[in-house]
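The chain contents come next:
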Amino acid sequence: MQFSDRYGSAPSAIARPTTDRSSEGTEMTTPSSGRRMDGGRALIKALEMEGVETIFGLPGGAILPVYDPIIDSPIRHILVRHEQGAGHMAEGFAHATGRPGVAMVTSGPAATNIVTPLCDAYMDSVPIVVITGQVPYAAIGTDAFQECDTTGITMPVTKHNFLISDAQDIPRIIREAFHIATTGRPGPVLVDVPKDIVDPKNPRSAMDWYWPEEVDLPGYRPVTAGDPEAIRRAAELILAAERPVIYAGGGILKARAAEVLRELAELTGIHVVTTLMARGAFPDDHPLALGMPGMHGNYTAVTSMQRSDLLIALGSRFDDRVTGKVPAFAPEAKIIHVDIDPAELGKVRRPDVGIAGDARLVIEALIEAIGELGGPSRQPDRRAWGEQIREWQQRYPLTYQPSEPGEALKPQFVLETLRDNTPDDCIVASGVGQHQMWTSQYWKFNHPYTWVNSGGLGTMGFAVPAAIGAKVGRPDRMVWAVDGDGCFQMTAQELVTAASERIPVKVAILNNAYLGMVRQWQEMFYEERYSEVYLSPDLPDYKMWAEAMGCIGMRVESPEEVLPAIEKANEIDDRPVVIEFRTDSREKVYPMVPAGLSNDEIIVDPAHGEGGH
Ligand SMILES: Cc1ncc(C[n+]2csc(CCOP(=O)(O)OP(=O)(O)O)c2C)c(N)n1
């Protein structure tokens, strides 16, 4: 019996695997069905069958029997220093590769330590599979040592979770876990594994090996193809619109739809905004790119949405940080909303045409429907709209006041220099706060899967472990984390993991000595009453801390030092590098739409001379 089988499970199908990378079998051979095995070995073997190459994790008593067979497995295990790190590494891996990230930890406190990454992955639809140890099945509910109700705790923050009760179910459940995590709207799936059913010394762990060829979950049938009638109506709306804007969300990346998005934009000549989660889904250097909308979006992205007569929302969820005050959001716009998750349609704003389906398939069908309806030449003359957009772009570019000689470094200057001196396909991960918004604003994302970010939950401490996971997934790419001093202090210990595993990530700390984003709100909305946001510029000594963790550490205080430090960091490829940039603590993120206000009340940078709205 499973505690939380929300989708229903098919009986075990005994079938042949397609691949087997296990050390026990010869490469690419099929293991004999019915071979006796213990549950721990079966679990690792099932992960191998899923093509898992890396597990991020940390062992403990309850999960020991699953850790033992790792020694004989070709799977690489990366030993983290805190389970939160394992979860974010799995997420970073998934963000950068599109393949599911895997984390494995023990019961009780280890399971609760990984709840934050689970919630983070849930909010941002990141496919990860987390395996947790559990006390022996019979001890569940007795408050046994290191027991906690992991499935109960994680139910609201996982797409699905399993509590395995029978060793014979292990291959099927692992197969289902990966299927659920990666199909439909991707998300985190947790598998809780009681110790007795994986412990070779316990008869309850004995099972006959099999590999289910197919997954059959009667209650789980994600819709992928959009309704043709709705697609035709959407195409009609596109062909009639005078001021349309494509509102691209993270779903574009999840659906691997960046190429077809570009095709649609170029076919119709419609401009594209990319949300915080969609940065990279449409190239920033494209003439139709408008950049990021929302609370800290640029003026043109925000205002073009506000003034549009048609918003084509593709894999975006009308997040409050994008809409601002909902009743005042894009008041004249009709809405086409495409999402793999039908629950998103109409959740915040009622669409004129709602299409449940995979973004890539629906966009392809839309392109076809536009052709059938007469093609893009049927569209009205949109030159005036294009002119208006260009005028906004010229009038309200992103700006900041460069520092005068002797003044503190500007974070935007650091980011511009980093952006201009890293490869175009460099992967950049960020923490949460001002540095995150500046990175999203100032970086030029010209390739998909180059931006690794915690958008929904907004998790401080995400950057360092996520960058490590991304680098493990894409060792061929340069990976930089841009972190705040507050965020860095939450998960910096994972640099010990990176150094000992020789994962050469690079970290830029924008040290403004404050919990900067909170300070910004206190300055703007709490009359400069700075309650509990000062961190100190010198404590800790980041350079020494980095070095103590096996990294190269550098400190940069003046503009002339910025480029040489970045160049030096770029040359180091055998260990992690940390550069502490001491930045101006008074700097604020602009533009800004204050929380709860309409996007029409966007504050452009006062230093730019606009003086407000
Ligand atoms: C785990 C967690 N705790 C608290 C917050 C609230 N919060 C959002 S941004 C921020 C400040 C971040 O400071 P820092 O890392 O120094 O970055 P900065 O804003 O200065 O760039 C805080 C405390 C959060 N997002 N996550």
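As the structure is a computational prediction, the values presented were derived from the model and not from experiment. (Residues numbered from 1 in each chain as written. Predicted model: local features only at pLDDT ≥ 70, side-chain atom pairs only at ≥ 80, totals over all residues. Heavy atoms only, no water.)

As for the sheet that holds strand S7 (residues 188–194)
Now for step 1: As summarised here, the arrangement of the six strands in space is S3-S2-S4-S5-S7-S6, forming an open sheet in which the pairing is parallel. Sheet topology places strand S3 (76–79) and strand S6 (160–163) at the edges, where each strand pairs with a single neighbour. Ignoring strand direction, the axes of neighbouring strands in this sheet form an average angle of 20 degrees.
Now for step 2: Two strands pair when backbone bridges link them, and S6 and S7 are joined in this way by four bridges, in the parallel orientation. Paired with Asn161 across the strands is Leu190, a residue of S7.
Now for step 3: Strands in contact with helix H7 (residues 170–182) are strand S4 (101–105), strand S5 (128–134), S6 and S7; relative to S7, the strand with the most contacts, it is inclined by about 160 degrees. (Pairing = 2+ DSSP bridges. Helix = DSSP H or I, 4+ residues; strand = E, 2+ residues; numbered from the N terminus. Axes fitted to C-alpha atoms, helices over the stretch in contact; angles between N-to-C directions. Contact = heavy atoms within 4.5 Å.)

Points about the nonpolar core
Now for step 1: Within the largest apolar cluster, 47 residues are counted, with the highest numbers of intra-cluster contacts made by Phe56, Phe488, Leu495, Val505, Val507 and Val578.
Now for step 2: With residues up to four places along the chain from it excluded, the contact list for Val578 reads Phe488, Leu495, Val507, Ile509, Ala546, Cys551, Ile552, Gly553 and Met554.
Now for step 3: Listed in part, the 40 residues of the second largest apolar core include Ala234, Leu253, Ala278 and Leu366. (Core = buried A, V, L, I, M, F, W, Y, C linked by side-chain atoms within 4.5 Å. Buried < 20%, exposed > 50% of the residue type's maximum accessible area, 1.4 Å probe, protein only.)

Side note on the pattern of salt bridges
Pairing between side chains of opposite charge can happen when their charged atoms approach one another.
Now for step 1: For the coordinates displayed, the defined rule picks out 36 salt bridges.
Now for step 2: Two residues, Glu501 and Arg76, come together in a salt bridge whose shortest N-O distance is 3.2 Å. Of the two residues, Glu501 sits in the loop between helix H19 (494–500) and strand S18 (506–511) while Arg76 sits in strand S3, which places them 425 residues apart along the sequence.
Now for step 3: Residue classification places Glu501 among the partly exposed residues on the basis of a relative accessible area of 23%.
Now for step 4: Its relative accessible area of 34% is what places Arg76 among the partly exposed residues.
Now for step 5: Of the charged contacts, one joins Lys588 and Glu523 as a salt bridge, the two residues approaching to 2.6 Å between their closest N and O atoms. Pair noted here: Lys588 is in the segment after strand S20 (577–582) and Glu523 is in helix H20 (residues 516–525), with a separation of 65 residues, a long-range link.
Now for step 6: Classification of Lys588 as buried rests on a relative accessible area of 16%.
Now for step 7: Among the charged side chains, a salt-bridge network with shared partners connects Asp538, Asp541, Arg555, Glu580 and Arg582. (Salt bridge = Lys/Arg side-chain N within 4 Å of Asp/Glu carboxyl O.)

A look at the packing of helix H1 (residues 39–49) against H7
Now for step 1: Two numbers describe how H1 lies on H7: the axes approach to 9 Å, and their chain directions differ by 35 degrees. Here H1 and H7 pass one another in a crossing that is right-handed. Every residue of H7 that contacts H1 at Gly39, Ala42, Leu43, Ala46 and Leu47 is listed here: Ile170, Pro171, Ile174 and Phe178.
Now for step 2: Across the contact of H1 with H7, the residue classes break down as eight nonpolar, one polar and no charged. (Left-handed = near helix turned anticlockwise from the far one by under 90°. Nonpolar A, V, L, I, M, F, W, Y, C, P; charged D, E, K, R; others polar.)

Description of the sheet that holds strand S17 (residues 479–484)
Now for step 1: Spatially, S16-S15-S17-S18-S20-S19 is the arrangement adopted by the six strands of the open sheet, whose pairing is parallel. Sheet topology places strand S16 (451–452) and strand S19 (552–556) at the edges, where each strand pairs with a single neighbour.
Now for step 2: Its contacts with the sheet put helix H17 (residues 463–473) on strand S15 (427–430), S16, S17 and S18, and the angle it makes with S17 is roughly 175 degrees.

Here we look at the site of the ligand
Now for step 1: Around the ligand sit 16 residues, and of these Gln434, His435, Gly458, Cys487 and Gly516 come closest.
Now for step 2: Note that an oxygen atom of the ligand is positioned 2.8 Å from one of the side-chain N or O atoms of Asp485.
Now for step 3: Measuring from an oxygen atom of the ligand, one finds a side-chain N or O atom of Asn512 at 2.9 Å.
Now for step 4: Calculation on the ligand without its partners gives an accessible area of 580 Å², and the protein chains cover 75% of this total.
Now for step 5: Among the elements of the structure, helix H16 (434–442), helix H18 (485–491) and H20 are those that each provide at least two residues to the shell around the ligand.
Now for step 6: The residue makeup of the shell around the ligand, split by class, is seven nonpolar, eight polar and one charged. (Near = heavy atom within 4 Å. Polar contact = N/O pair within 3.5 Å; in protein donor to acceptor, adjacent residues only side chain to side chain. Areas by Shrake-Rupley, 256 points an atom, 1.4 Å probe, with all protein chains shown as cover.)

A word on the side chain of Ser308
Now for step 1: Looking at the secondary structure, you find Ser308 in the loop between helix H11 (299–307) and strand S12 (310–314).
Now for step 2: Judged by relative accessible area, Ser308 falls into the buried class, the value being 0%.
Now for step 3: Within the local environment of Ser308, its side chain forms a polar contact with the backbone oxygen of Met305, the two atoms lying 3.0 Å apart.
Now for step 4: The contacts of Ser308, once residues within four sequence positions are left out, are Arg243, Val245, Glu332, Ala333 and Trp385.

Describing the environment of Arg575
Now for step 1: Tracing the chain through its elements places Arg575 in the loop between helix H22 (559–571) and S20.
Now for step 2: Along the chain, Arg575 and Arg502 lie 73 residues apart, while their C-alpha atoms are 5.5 Å from each other.
Now for step 3: Beyond its immediate stretch of four places on either side in the chain, Arg575 contacts Arg502, Pro504, Val505, Gly550 and Ile552.
Now for step 4: Only 3.1 Å separates the side chain of Arg575 from the side chain of Asp574, close enough to count as a polar contact.

Some points on the packing of aromatic side chains
Now for step 1: Taken as a whole and assessed by the stated rule, the structure comprises 15 aromatic pairs.
Now for step 2: Measuring from centroid to centroid gives 6.2 Å for Phe318 and Phe329, while their planes differ by 85 degrees, and the two rings are edge-to-face. With a gap of 11 residues between them, Phe318 in the loop between S12 and helix H12 (320–323) and Phe329 in the loop between H12 and strand S13 (334–339) connect regions that are remote in the sequence. Of the two residues, Phe318 and Phe329, neither departs from the other in class, the shared state being buried.
Now for step 3: Consider the rings of Tyr400 and Tyr442, whose centres lie 6.0 Å apart with planes at 75 degrees: the pair is edge-to-face. Here Tyr442 lies in helix H16 and Tyr400 lies in the loop between helix H14 (383–395) and helix H15 (411–420), a separation of 42 residues in the sequence.
Now for step 4: Grouped by ring-pair contacts, the aromatic residues Tyr247, Phe318 and Phe329 constitute a single cluster.
Now for step 5: The ring of Tyr449 has Arg256 sitting right over it, with the charged end atom 4.3 Å from the ring centre. (Phe/Tyr/Trp six-rings, centres within 6.5 Å; stacked < 30°, edge-to-face > 60°. Lys NZ or Arg CZ within 6 Å of the ring centre and 35° of its normal.)

Some words on unusual backbone geometry
Now for step 1: Following Leu539, the chain continues into Pro540 via a peptide bond in cis, with omega recorded as 0 degrees.
Now for step 2: Positionally, Pro540 belongs in the loop between H20 and helix H21 (542–548).
Now for step 3: In this structure, Pro591 follows Tyr590 across a cis peptide bond, with omega equal to -5 degrees.
Now for step 4: With a phi angle near 55 degrees, Phe318 is a residue other than glycine that sits in the positive phi range.
Now for step 5: We classify Phe318 as buried; its relative accessible area is 3%.
Now for step 6: Positive phi values are uncommon outside glycine, yet Tyr449 reaches one of about 65 degrees.
Now for step 7: Summarising the element assignment, Tyr449 is placed in the loop between H16 and S16.
Now for step 8: The class of Tyr449 is buried, set by a relative accessible area of 15%.

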